Amino acid sequence: MKRNLMFAVAFAAAILASSSRTLLSAEQSDQALIKAIGGAKISLLQGIAQVAKTEVPTDAKYELEDGKLMLSIYTSAKGLDTAAEDNSFNEYGGDATATDWAPNKEVFTDLKHIARSAQYHTLQSMTKMTLPAIIQKGSAQGTVFSVKEKIRNGKPVFEVMTVQGNTAKTTFYDLMTGEPVPG
């Protein structure tokens, strides 16, 4: 019995230590992204404009890959008038610190990315609001580093993440009106 109790205590301590490392790692990752955004030479708006020539952008964000700042944009290849089940979904990703953004194109074939992209596509097809218009609104809060559509509290919204100084902030905007959603 005593040995089982000691094992349980040791196991719990290991889980807690692992959890705190994961939280610390996530915080460190967020801070690294916030620092790296200052080195971006390509804005979200520039990346969106580049891919919008041929496809409809539905999500845009900066992210770190192997310590490098990348700009990633999800698209609906056939546009919003084509139903999600008849569309194809892509991600354009490339070095955001380069003078010219030369993204690689990935056509999604895995269920997780297709499902997420179909949700973005469906929500985006419900509104006249565009990602650039929402980014402009969000820019009043700081540098926009992520914008996507989602359902929050049963309502469709844009989730806009901004950074100002060393602080990240998330603001939600009504999908239909583009107005900030309280709370």
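This section reports on the structure supplied with the text.

Thresholds, definitions, all that
- Residues numbered from 1 in each chain as written.
- Predicted model: local features only at pLDDT ≥ 70, side-chain atom pairs only at ≥ 80, totals over all residues.
- Heavy atoms only, no water.
- Salt bridge = Lys/Arg side-chain N within 4 Å of Asp/Glu carboxyl O.
- Helix = DSSP H or I, 4+ residues; strand = E, 2+ residues; numbered from the N terminus.
- Buried < 20%, exposed > 50% of the residue type's maximum accessible area, 1.4 Å probe, protein only.
- Arc of directions from axis to C-beta.
- Contact = heavy atoms within 4.5 Å.
- Polar contact = N/O pair within 3.5 Å; in protein donor to acceptor, adjacent residues only side chain to side chain.
- Axes fitted to C-alpha atoms, helices over the stretch in contact; angles between N-to-C directions.
- Parallel < 35°, antiparallel > 145°, perpendicular 65-115°, else oblique.
- Nonpolar A, V, L, I, M, F, W, Y, C, P; charged D, E, K, R; others polar.
- Pairing = 2+ DSSP bridges.
- Core = buried A, V, L, I, M, F, W, Y, C linked by side-chain atoms within 4.5 Å.

### Remarks on the pattern of salt bridges
- Considering all chains together, one arrives at 6 salt bridges under this definition.
- Across the salt bridge formed by Glu179 and Lys137, the nearest N and O atoms sit 3.5 Å from each other. One end of the pair, Glu179, is in the segment after β7 (167–174); the other, Lys137, is in helix α4 (residues 131–138), and 42 residues separate them in sequence.
- With relative accessibility at 43%, the residue Glu179 sits in the partly exposed group.
- Judged by its relative accessible area of 33%, Lys137 is partly exposed.
- Look at the salt bridges and you will find they share partners, linking Lys148, Lys150 and Glu159 into a network.

### So, α4
- Those residues of α4 that fall on the buried side of the exposure criterion are Leu131, Ile134, Ile135 and Gly138. The buried residues of α4 all sit within an arc of 105° when viewed along its axis, so they share a single face.
- Looking at the buried side of α4, the elements it contacts are α2 (44–51), β1 (56–65), α3 (111–124), β5 (143–152), β6 (155–164) and β7.
- If you check the start of α4, you find a side-chain oxygen 3.2 Å away from the backbone N of Ala133, and it comes from Thr130.

### Structural notes on the environment of Ser146
- Inspection of the secondary structure puts Ser146 in strand β5.
- Judged by its relative accessible area of 5%, Ser146 is buried.
- Between the alpha carbons of Ser146 and Thr170 there is a distance of 9.2 Å; along the sequence they are 24 residues apart.

### Observations concerning the packing of α2 against α4
- Relative orientation of the contacting elements α2 and α4 amounts to 175°, with a least axis distance of 10 Å. Regarding the angle of α2 to α4, the classification is roughly antiparallel. Across the interface between the two elements, Leu44, Leu45 and Ile48 of α2 pack against Leu131, Pro132, Ile135 and Gln136 of α4.
- Broken down by class, the residue content of the contact of α2 with α4 amounts to 6 nonpolar, 1 polar and no charged.

### Comments concerning the side chain of Asn90
- Along the chain, the position of Asn90 falls in strand β3 (residues 89–95).
- Side-chain polar atoms of Asn90 contact the side chain of Glu55, separated by 2.9 Å.
- Apart from the residues lying within four places of it in its own chain, the contact partners of Asn90 are Glu55, Ile73, Tyr74, Thr75, Ala77, Lys105, Glu106, Val107 and Phe108.

### A word on the sheet that holds β3
- Spatially, 7 strands are ordered β4-β3-β2-β1-β5-β6-β7 in an open sheet, and the strand pairing comes out antiparallel. A single partner strand is all that each edge strand has here, and the edge strands are β4 (104–107) and β7. The mean angle between the axes of side-by-side strands here comes to 30°, regardless of whether they run parallel or antiparallel.
- Across 3 bridges, the pairing between β1 and β5 is antiparallel. By the bridge assignment for β5, Ala60 is matched with Val147.
- Contacts between α2 and the sheet are confined to β1, β2 (68–76), β3 and β5, with β2 contributing the most and set at about 40° to the helix.
- Lying on the sheet, α4 is in contact with β1, β5, β6 and β7; it crosses β5 at an angle near 115°.

### Comments concerning the nonpolar core
- Grouped together as the largest cluster of nonpolar side chains are 28 residues, with contacts concentrated most on Tyr62, Leu71, Val147 and Phe158.
- When residues of this core are traced back to their parent elements, those giving at least two are α1 (2–37), α2, β1, β2, α4, β5 and β6.
- In this view, Val147 contacts Asp59, Ala60, Leu131, Ile134, Ile135, Phe158, Glu159 and Val160; residues no more than four positions away in its chain are not counted.

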